[in-house]
Amino acid sequence: MTFALPLPFHGDAARSALQSRGLDARRPVIRRWGAAALVALASGFMSPVHAQNALQNPANARSVNEWLTRMHEASRQRSYIGTLVVSAGSSMSASKIWHVCDGAQQMERVDTLTGAPRTTIRRNKEVITFVPDAKTAIVEKRESLGMFPELLRTPSNVIPQFYSAQEVGVQRIAGHVADMVEILPRDDLRFGYRIWSERQTGLVVKLQTLGERGTVLEQVAFSELQLDAPVSMDKLTKLMKDTRGYEVHKPLLRKTTAEAEGWRLKEPVPGFTPMSCHTRDTPGAGAQGSSASSMQWVFSDGLASVSLFVEPFDLQRHSQESMAEVGATHSVNRRVGDYWLTVIGEVPAPTLRRFAAALERTR
Amino acid sequence: MNAAQVNTNPAGLKAAEPPLLDEALSALVDGELDAGELPGLFLKLDQLQPEAMESWHAYQLIGDVLRGEPPLASLVRPSDFLASVRGRLEQEASPLQLMPRANPTGETRYLAAPSAPAANDAVFRWKLVAGLASLAAVMAVSWSVLSSTPRGVGGDASPQIAAVPTGSEPALAASTKSSDPAATAVVVNTGQGTLIRDARLEQLLAEHRQNGGMSALQNPTGFIRNATYESEGR
């Protein structure tokens with residue numbers, strides 16, 4: 001504390017002054033009280049500055065894990081309605097979001113506002129996607145939604161090893177004041193993130209994926225956000241169950257392991273651990289129209305994920321080893337023996353090439 | 001004012017009705033007529049159409065003169081005006097005139113006449129403008145048709161030249177070329193050279209987003225970001 005005027009001293013002095021002098025000496029007493037009031041006011045102003053210093057002080061700063069947990073918890077406890085805009089390069093997509101949580105269950109509804117209309121409704125891990133144009137509804141159970149933040153609390157969490165968090169300021173996004181946090185990688189095998197986390201709740205209101213030299217590859221931001229909005233869970237549940245007029249598809253995913261499928265990585269890419277592996281039947285993927293199964297092996301380093309897709313090699317379709325880029329997502333193709341490998345992930349292309357080079361068949 | 005004693009029709013050719021009618025009309029013009037009296041007034045008007053029109057015209061004229069405005073109602077009586085307009089309409093050649101054509105069997109069949117020449121045909125300038133406008137329209141339509149690429153499996157995945165990208169899959173500056181219908185490859189020009197995107201890649205991208213988003217940011221941002229993107233490749 002920089003100011004040194006002790007408050008009790010003045011209080012005592014004023015009280016004793018009142019007692020001894022009576023009402024005659026009211027003016028000096030009032031002046032003392034005034035000074036005391038001024039001091040109290042000044043101390044009131046000083047405390048936020050003090051707190052600000054504490055935040056920038058590394059010892060008190062929130063760590064990566066703390067930030068991520070806070071962001072995750074925010075969505076578990078609040079309901080909100082907002083419009084989200086995803087922009088990459090020059091293109092933009094927007095969608096309307098409804099989110100509600102009652103402690104145990106989390107429900108979300110996403111209506112695309114750009115491109116083909118699509119409504120996605122999620123309850124915890126179950127997701128149903130309505131496509132009005134094709135009158136189809138796709139029902140899935142997504143494992144990826146339940147993994148964090150439990151993973152953050154386990155010792156196998158490697159995020160702090162590969163990323164560091166730093167608060168860089170405060171900004172107002174969609175009418176809400178948010179803390180700007182930069183989560184930057186410690187090596188060049190992954191991308192950095194700039195996250196705006198709403199001040200009170202910690203909810204992510206804006207997220208940028210940063211490439212090398214800090215260029216923004218992709219941005220996800222709320223253009224309007226209404227926190228604690230009245231979202232009815234019953235209505236969403238009803239919507240989720242109402243599949244009249246829609247043809248329901250349930251894509252069949254068979255959970256498996258890479259070893260069982262006969263694949264392994266010669267040398268692991270630092271930071272990335274295998275998360276899950278499954279195969280799915282892709283109709284018409286094989287030659288002569290027979291349905292062959294393609295495998296998806298998912299790796300993650302906590303913030304970025306990479307999928308390795310392996311399917312049987314088909315000369316007609318798999319013409320050229322190439323590379324593609326969509327926003328922050330890159331992809332690389334390669335032929336591995338009798339198989340065609342496609343590696344897709346939100347990581348730089350050299351990392352994908354490392355994955356592609358390291359994949360080998362065990363049997 | 002003793003309105004009842006004013007007799008605008010000294011000849012008294014009709015019964016006591018016309019003076020009352022005139023009073024009612026005058027009240028209507030002045031805006032002093034009771035709403036309840038309107039149906040009765042209109043009934044009388046139906047019966048005594050021409051005289052009522054004359055009185056109406058007269059009252060309008062009186063009102064204008066009293067207000068000092070140049071009479072909007074011209075000195076030509078409305079009935080005369082209407083008659084002359086009708087006459088002119090009949091004289092004008094209508095675009096589709098049904099002409100009876102005598103048939104040997106005695107039936108008359110009606111054919112549509114060839115359309116009359118357009119009013120501004122004589123002025124060459126407008127012909128030129130019309131021609132240019134239609135040419136521009138044809139060019140715009142053919143440009144948009146030519147620039148849209150052949151659709152691959154899984155729907156609207158390919159980027160377009162002039163049109164704004166569909167918004168779901170952001171595409172870098174694109175030039176389109178289709179190799180063969182099965183592959184529907186799209187050549188995308190980027191700063192690093194040409195890339196190739198195909199429908200299967202779009203599908204895998206969608207699958208990666210659905211099942212591969214294993215990240216701490218998946219909830220909530222990742223999931224809603226992917227849901228915003230998902231528009232094809234299913």
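Up top is the structure these notes are about.
Calculation rules
Residues numbered from 1 in each chain as written. Chains lettered and ligands numbered in written order. Predicted model: local features only at pLDDT ≥ 70, side-chain atom pairs only at ≥ 80, totals over all residues. Heavy atoms only, no water. Helix = DSSP H or I, 4+ residues; strand = E, 2+ residues; numbered from the N terminus. Buried < 20%, exposed > 50% of the residue type's maximum accessible area, 1.4 Å probe, protein only. Contact = heavy atoms within 4.5 Å. Areas by Shrake-Rupley, 256 points an atom, 1.4 Å probe, with all protein chains shown as cover. Core = buried A, V, L, I, M, F, W, Y, C linked by side-chain atoms within 4.5 Å. Expected span 1.5 Å × (residues − 1). Phe/Tyr/Trp six-rings, centres within 6.5 Å; stacked < 30°, edge-to-face > 60°. Lys NZ or Arg CZ within 6 Å of the ring centre and 35° of its normal. Buried area = accessible area lost by both parts, 1.4 Å probe. Salt bridge = Lys/Arg side-chain N within 4 Å of Asp/Glu carboxyl O. Nonpolar A, V, L, I, M, F, W, Y, C, P; charged D, E, K, R; others polar. Pairing = 2+ DSSP bridges. Axes fitted to C-alpha atoms, helices over the stretch in contact; angles between N-to-C directions. 1 Å grid on protein atoms, 1.4 Å probe; cavity = no way out; pocket = protein on both sides within 12 Å on 5 of 7 lines; lining within 4 Å. Points joined across faces, edges and corners; volume = space filled by probe spheres on them. Patch = residues over 30% accessible without salt bridge, like charges linked within 9 Å, V, L, I, M, F, W, Y side chains within 5 Å.

When helices and strands are counted, chain A shows eight helices and 21 strands. Taking all 363 residues of chain A together, the buried fraction comes to 49%. Contacts in chain A between residues at least 24 apart in sequence constitute 49% of all its contacts with a sequence separation of at least 6. Total accessible area on chain A stands at roughly 18200 Å², and carbon and sulfur atoms take up 53% of it.

Residue and element names in this part refer to chain A. By size, the foremost hydrophobic cluster in this structure holds 43 residues, and its most contacted members are Leu68, Trp297, Leu303, Val306, Leu308 and Phe355. At five residues, helix α8 (residues 349–358) tops the list of elements feeding residues into this core. Setting aside residues no more than four positions away along its own chain, Leu308 makes contact with Met295, Gln296, Trp297, Phe299, Leu341, Thr342, Val343, Phe355 and Leu359. Listed in part, the 23 residues of the second largest apolar core include Ile97, Ile173, Met180 and Val205.

Before going further, it helps to examine helix α3 (residues 49–67) of chain B. Residues and elements named next belong to chain B. For α3, built from 19 residues, the straight-helix expectation of 27 Å at 1.5 Å per residue is met to within 8% by its first-to-last C-alpha distance of 27 Å. Considered for burial, the residues of α3 that qualify are Ala52, Ser55, His57, Tyr59, Gly63 and Asp64. Where α3 terminates, the next one or two residues include Gly68, which has phi positive at roughly 85 degrees.

Moving on, we come to the packing of aromatic side chains. All names here are of chain A. One pass over the full model with this rule turns up eight aromatic pairs over all chains. Aromatic side chains Tyr80 and Phe222 sit 6.0 Å apart centroid to centroid with 90 degrees between the ring planes, which places their arrangement in the edge-to-face category. Highlighted residues: Tyr80 in strand β1 (residues 80–88) and Phe222 in strand β11 (residues 216–227), separated in sequence by 142 residues. Residue classification places Tyr80 among the buried residues on the basis of a relative accessible area of 0%. Judged by relative accessible area, Phe222 falls into the buried class, the value being 5%. Above the ring of Tyr246, the side-chain terminus of Lys135 is found at 5.1 Å from the ring centroid.

With that settled, consider the interface of chain B and chain A. If you look at the interface, chain B gives 39 residues, while chain A gives 74 residues. A combined buried area of about 4900 Å² lies between chain B and chain A, and 59% of that area is made up of carbon and sulfur atoms. If you sort the residues of chain B by the area they bury against chain A, Met214, Asn219 and Phe223 of chain B come out on top, with a joint share of 16%. Where chain B meets chain A, there are four salt bridges. A salt bridge links Glu207 of chain B to Arg280 of chain A, with the nearest nitrogen and oxygen atoms 3.5 Å apart. Among the elements of the structure, β4 (193–197), α6 (199–211) and α7 (218–229) of chain B are those that each provide at least two residues to the side of chain B that touches chain A. With ten residues, the top contributor of residues to the side of chain B that touches chain A is α7 of chain B. Here the residues of the side of chain B that touches chain A are counted per class, giving 15 nonpolar, 15 polar and nine charged.

Here we take up the sheet that holds strand β9 (residues 192–198) of chain A. Residue and element names in this part refer to chain A. The mixed open sheet is built from twelve strands, whose spatial order is β7-β8-β9-β10-β11-β1-β2-β3-β4-β5-β6-β12. Both edges of this open sheet fall to β7 (163–173) and β12 (247–249), since each of them pairs with a single strand only. Taken pair by pair, the neighbouring strands of this sheet meet at an average axis angle of 15 degrees, ignoring direction. In terms of strand pairing, strand β8 (residues 176–185) meets β9 through six bridges, oriented antiparallel. Note that in β9 the partner of Ile183 across the bridge is Tyr193. Across the face of the sheet, helix α6 (residues 233–241) comes into contact with β2 (91–101), β3 (106–112), β4 (119–123) and β5 (126–131) while running at roughly 115 degrees to β4.

What follows deals with empty space enclosed by the protein. Counting across every chain of the model gives six cavities of 30 Å³ or more. Empty space within the largest cavity amounts to approximately 220 Å³. Counting only elements with at least two residues in the lining of the largest cavity, the list comes to β10 (204–210) and β11 of chain A together with α6 and α7 of chain B. For the lining of the largest cavity, the element with the most residues is α7 of chain B, which contributes five residues. Here the residues of the lining of the largest cavity are counted per class, giving seven nonpolar, nine polar and four charged.

Residues and elements named next belong to chain B. Together, Phe124, Leu128, Leu132, Leu135 and Met139 line one region of the surface with nonpolar side chains, adding up to about 550 Å² of accessible area. Assignment of secondary structure puts Leu135 in helix α5 (residues 124–147). Residue Leu135 is classed as partly exposed on the basis of its relative accessible area of 48%.

Bringing the pairing of strand β18 (residues 323–326) of chain A into the picture now. Residues and elements named next belong to chain A. Neither face of β18 is exposed, since Met323 and Glu325 on one face and Ala324 and Val326 on the opposite face are all buried. Bridge count between β18 and strand β19 (residues 329–336): four bridges; the pairing is antiparallel. Looking at the pairing, Glu325 lines up with His330 of β19. Hairpin connection from β18 to β19: two residues lie between these consecutive antiparallel strands, with Gly327 at a positive phi of about 65 degrees.

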